[in-house]
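Observations on the model geometry
Residues per chain are reported as follows:
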Amino acid sequence: MHMKHWIATLVLAIATLHGALCVQADVVTDANAKAADIASKHPGTPPAVRIMAFVQVSVFEAVNAISSRYPPLMAKINAAPGASVDAAVAAATRTVLSKLMPTQQAAIDADYEAAMKLVPDGAAKTSGIAVGEQAATACLGRVDEGLTLPDTYRPHATSGVYVPTLLPAVPNWGKRKPWAMTSGSQFRPGPPPGLTSERWTRDYNEIKALGAKNSTQRTPEQTAIAKFWEATAPVVYWPVARSVAAVPGRDVTANARLLAMAAMAMDDGLIAVFDAKYTYNLWRPITAIRNGDADGNDATERDPSWTPFIDTPMHPEYPCAHCIVSASLGAVLQAEIGSGPAPSLSSASYTAGGAVRSWKTVADFVQEVAVARIYDGVHYRNSTEVGTAMGKKIGELAVKSFARPIR
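For the structure given in this document, a descriptive report is provided here. Not measured: the values here are computed from a predicted model. Each chain has its residues counted from 1, following the order in which its sequence is written. With pLDDT at 70 or above as the cut-off, local features in this predicted model cover only qualifying residues; side-chain atom pairs require 80 or more to be listed or tallied, and sums for whole chains, interfaces and linings still use all residues. For side-chain calculations, the full set of non-hydrogen atoms in the structure is used, while hydrogens and water are omitted.

Cavities and pockets were defined on a 1 Å grid built from protein atoms only: a cavity is a group of points that admits a 1.4 Å probe but offers it no way out, a pocket is an open group of points flanked by protein on both sides within 12 Å along at least five of seven lines, and a lining residue is one with an atom within 4 Å of any such point. Grid points are joined across faces, edges and corners, and a volume is the space filled by probe spheres set on the points. Counted according to the given criterion, the structure contains four cavities of 30 Å³ or more. Volume-wise, the largest cavity comes out at about 160 Å³. Looking at the largest cavity, it is lined by 17 residues, and the ones nearest its centre are T45, T232, L270, A321 and H322. Within the residue set of the lining of the largest cavity, elements represented by two or more residues are α3 (45-67), α9 (234-245), α10 (252-280) and α12 (321-337). Note on residue classes: Ala, Val, Leu, Ile, Met, Phe, Trp, Tyr, Cys and Pro are nonpolar, Asp, Glu, Lys and Arg are charged, and everything else, Gly too, is polar. Its residues assigned to classes, the lining of the largest cavity comprises eleven nonpolar, five polar and one charged. Numbering of helices and strands starts at the N terminus; helices are DSSP runs of H or I of at least 4 residues and strands are runs of E of at least 2.

Next up, the structure:
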């Protein structure tokens, strides 16, 4: 959720990604990379993930209207014969981003104009633009009631006693309309462990040791992982999806479908996780460890000056949001890969100076994200396990709910 580190390193990260990770790019993956860069400039991660869901669903609708391979998701669009897919993708992307990221209009227009220069003028181009704009308009017409609800979060306090006055992030996010789920509570987990349980004791002492800012037990490799996954914006996740989309032999419709499913799954994951977070309102490690003498557990010693490796996100702890996003994406990618050989998955991180990390399997990627949040000092192990399990179910649901091909 914290994005203050990004400005100085984003250019390096983008250059690395485009140069090293997108060798087999097509119009859909190119547009995705540029849209993720723009959406990631939003100061909040959940809204940025939502923006990418609208972008990728619109792109799929536009491409599919021309290829007619799947039933439409939103509305039937009649594409003229020979309509340009390239123009449709560019127009759909531009229309969505212009509506949802108006502060970045100059960058949006620059990307659009660069894409359109590659499309010959004529009826195909004009028809493609019309298809893309219609697809985006249909998607943007989707009602998202949760965004208009008033923020009524009630800080917990003793009367007359000061508590920090910054309100937490997106308390109503779990009330948004999902893409594949029936509601934000569909996969709501059971409550977190009791504060006198063995699991709580284990998790408390583990993160106290490994997640501290100046931990002597966290290894250099664990620190590198922690720094890498301090990144939360879409720009760190989408290269992983494009690693699969770049496999030789895929076409633009297949990639539009894959990225739409991934976007829907990740957005639904954040709806589900914030539903759970604000249902249980569990304290973060920095709060728990500084109050370790007040949890009724003699095995959790208080450290009055403990701080985590990274700044703690401003929302409740349980479950882990990073974990649900990575696992929902991972489930979609694993379904796409099937039993075939997995491509190498890669991404770069703006919080790690543009460093690139790679994973041999989807499971390796998902697991690294989970343990990273323990090393970061912001999530207990149980919360990473619960978040990962939720994300897997949501990703599998997104795949299952997506229509089968017509032909």
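That was the structure; now back to the text.
The next thing to look at is helix α7 (residues 198-210). Taking 1.5 Å of rise per residue, the 13 residues of α7 would be expected to cover 18 Å, and the 18 Å separating its terminal C-alpha atoms lies within 8% of that figure. Relative accessibility thresholds used throughout: buried, under 20% of the residue-type maximum; exposed, over 50%; partly exposed, between the two (1.4 Å probe, protein chains only). For α7, every residue scored as buried is listed here: W200, T201, D203, Y204, E206, I207 and L210. Residue contacts are defined here by distance: any two heavy atoms, one from each residue, within 4.5 Å place the two residues in contact. In this structure, the buried side of α7 is in contact with α8 (220-228), α11 (285-290), α13 (362-375) and α14 (381-401). One less than the number of residues in a helix, times 1.5 Å, gives the span that helix is expected to have.

Looking now at the nonpolar core. A general trend in soluble globular proteins is that nonpolar side chains are found buried together. Think of a nonpolar core as a cluster: buried Ala, Val, Leu, Ile, Met, Phe, Trp, Tyr and Cys residues, connected wherever their side-chain atoms sit within 4.5 Å. Grouped together as the largest cluster of nonpolar side chains are 107 residues, with contacts concentrated most on W229, Y237, W238, L329 and F365. In this structure, F365 is in contact with W229, Y237, V240, S326, L329, L345 and W359, ignoring residues within four places of it in sequence.

The next point concerns the state of the cysteines. Criterion for a disulfide: a pair of cysteine sulfur atoms within 2.5 Å. Tallying each qualifying case throughout the model produces one disulfide. One disulfide in the model links C320 with C323; its S-S distance is 2.3 Å. Around the S-S axis, the bridge from C320 to C323 shows a dihedral of about 75° and counts as right-handed. Across this residue pair, the class does not change: C320 and C323 are buried.

Quick look at the packing of aromatic side chains now. Whether two aromatic rings pair depends on their centres lying within 6.5 Å, for rings of Phe, Tyr and Trp, where Trp uses its six-membered ring; planes under 30 degrees apart make the pair stacked, over 60 edge-to-face, and the rest tilted. This structure, assessed with the given rule, holds 16 aromatic pairs. Ring geometry for Y70 against F402: centres 6.4 Å apart, planes inclined by 80°, an arrangement best described as edge-to-face. Of this pair, Y70 sits in the loop between α3 and α4 (85-100) while F402 sits in the segment after α14, placing them 332 residues apart in sequence. Side by side, Y70 and F402 carry an identical accessibility label, which is buried. Grouped by ring-pair contacts, the aromatic residues F228, W229, Y237, W359 and F365 constitute a single cluster. Either the NZ atom of lysine or the CZ atom of arginine qualifies as a charge over a ring when it sits within 6 Å of the ring centre and within 35 degrees of the ring normal. One cation-aromatic arrangement involves R94 over Y112; the distance from NZ or CZ to the ring centre is 4.5 Å. Here the basic side chain of R142 rests over the ring of W179, its NZ or CZ set 3.8 Å away from the ring centre.

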